[in-house]
Amino acid sequence: MFDSPALMPTQRSTVLTDGPASLYRFTRLDDVAPAKAPPVLLVPSMINRWYVLDLRTGASVAEALVKAGLDTWCLDWGAPEDHDRYFTWGEAVQRLDRMMRRVRRETGQPKVTVLGYCMGATLTSVHAALHPDLYAGFINLLGPIDFSESGMLGRMTDPRWFDADVVAAAGNVSPDQMQSGFKLLRPTQDLAKAVTLVDKAFDPVFRTAYQALDTWAGDNVAFPASAYTTYINELYQKNWLIQGKHHALGQRVDLKSITCPLLTIAADKDNICPPKAAVALNGAVGSSQTQVLPVPGGHVGAVVGSKAADKLYPALITWMKERTCS
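Cut-offs and rules
Residues numbered from 1 in each chain as written. Predicted model: local features only at pLDDT ≥ 70, side-chain atom pairs only at ≥ 80, totals over all residues. Heavy atoms only, no water. 1 Å grid on protein atoms, 1.4 Å probe; cavity = no way out; pocket = protein on both sides within 12 Å on 5 of 7 lines; lining within 4 Å. Points joined across faces, edges and corners; volume = space filled by probe spheres on them. Nonpolar A, V, L, I, M, F, W, Y, C, P; charged D, E, K, R; others polar. Pairing = 2+ DSSP bridges. Helix = DSSP H or I, 4+ residues; strand = E, 2+ residues; numbered from the N terminus. Axes fitted to C-alpha atoms, helices over the stretch in contact; angles between N-to-C directions. Contact = heavy atoms within 4.5 Å. Buried < 20%, exposed > 50% of the residue type's maximum accessible area, 1.4 Å probe, protein only. Right-handed = clockwise from strand over helix to strand, strands pointing away. Polar contact = N/O pair within 3.5 Å; in protein donor to acceptor, adjacent residues only side chain to side chain. Disulfide = S-S within 2.5 Å. Core = buried A, V, L, I, M, F, W, Y, C linked by side-chain atoms within 4.5 Å.

A. A look at empty space enclosed by the protein. A full pass over the atoms with the stated rule returns 2 cavities of 30 Å³ or more. Reported here for the largest cavity is a volume of approximately 90 Å³. Considered class by class, the residues forming the lining of the largest cavity number 6 nonpolar, 1 polar and 2 charged. Lining the second largest cavity, in full, are Pro 44, Ser 45, Met 46, Asn 48, Arg 49, Trp 50, Asp 76, Trp 77, Gly 78 and Val 221.

Put into structure tokens, the structure is as follows:
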């Protein structure tokens, strides 16, 4: 319909592959002085493509951080194969750990600032509780922690009518299965998109933004079956993470063990991670420096929408430079 926009515009190299996953390092700009801050690792959700954090020019967390002189990395979880149905939640924590340690080895820095988005933030909170010494700072970007506040998704996965083990019995949970649940949160979304597209079809700025986001939204990956059942059973249904009852790799996950500076970002129209679900992390950690940043928009729009470059990106950069410098 329209010319395809340039996705993933920030130049990068692949430093490590780990199964289907990759570790990227974004290229520094020659005319930007390096920031006096630890390296930054971006950790996206396991079920969406990583490049929502580098969607297009002007709508990219990665681009903004690189332009600010921050040494920026990203964990791309990749697309699981059929045999990855046995990939566990604990193994996902281990994969994140290997990526972090590689960043430390390559940069010579003892600590890393981690920005986790959506489920990536939930997973990061588990890792940070188990390995707090590796963290210079932790940014929870719209990641659920208290699943009693998870809104409609929590009601949809209520154990009275939802059995995650049955859903995953045939193998990895497909993108169509996952996306059907998200669409139920906004059943008229496709119609609203079509009406808006007709209304703004001759606006080149809108067309570029629309096409980029629509391409990413349709480019999803499966959820490894074993990790999925743990995520739904222990977090959504039992809410063990915030209660201190969740275990990973044989260890109890105590969020009080997280002592690095913490920034939680909550979007006012987020129906995937309602603000209270994310902000609960600040009261659960042992950090002496915690901050909440409210931003406008929904779960994705807050990150790549028209207001992100004016509000979110500068706030991220300022916080990192002020709170994570050694």
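B. Examining the sheet that holds strand E4 (residues 72-76) more closely. One open sheet accounts for 8 strands, arranged E1-E2-E4-E3-E5-E6-E9-E10; its pairing is mixed. Among the strands making up the open sheet, the edge pair consists of strand E1 (12-18) and strand E10 (290-295). The mean inter-strand angle of the sheet, taken between neighbouring strand axes irrespective of direction, is 20°. Its contacts with the sheet put helix H3 (residues 119-130) on strand E3 (40-43), strand E5 (112-117) and strand E6 (135-141), and the angle it makes with E6 is roughly 150°.

C. Molecular detail of the pairing of E4. In terms of burial, E4 is a largely internal element, 5 of the 5 residues being buried. Side chains Thr 72, Cys 74 and Asp 76 of E4 all project onto a buried face; the interleaved residues Trp 73 and Leu 75 project onto the opposite face, where all are buried too. Two elements, E3 and E4, share 3 bridges in a ladder whose sense is parallel. Of the residues in E4, the one forming a bridge with Leu 42 is Cys 74. For the handedness criterion, the β-α-β arrangement of E3, helix H1 (residues 61-67) and E4 is classed as right-handed.

D. Structural context of the side chain of Ser 150. Positionally, Ser 150 belongs in the loop between E6 and helix H4 (151-156). Judged by relative accessible area, Ser 150 falls into the buried class, the value being 3%. Within the local environment of Ser 150, its side chain forms a polar contact with the backbone oxygen of Phe 147, the two atoms lying 2.7 Å apart. Within polar-contact distance, the side chain of Ser 150 engages the backbone nitrogen of Gly 154 at 3.4 Å. Setting aside anything within four residues of it in sequence, one finds Ser 150 in contact with Tyr 236 and Pro 274.

E. Layout of the state of the cysteines. Across all of its chains, the model carries 0 disulfides by this definition. This cysteine, Cys 118, is not joined by any disulfide, and Cys 273 carries the nearest cysteine sulfur, 7.3 Å off. For Cys 273, a relative accessible area of 1% puts it in the buried group.

F. View of the nonpolar core. Core analysis: the largest hydrophobic core is formed by 98 residues, its most contacted members being Leu 41, Leu 42, Phe 223 and Ile 265. In contact with Leu 41, other than residues within four places in its own chain, are Leu 23, Trp 73, Cys 74, Leu 75, Leu 96, Met 100, Val 103, Val 112, Thr 113, Val 114 and Leu 115.

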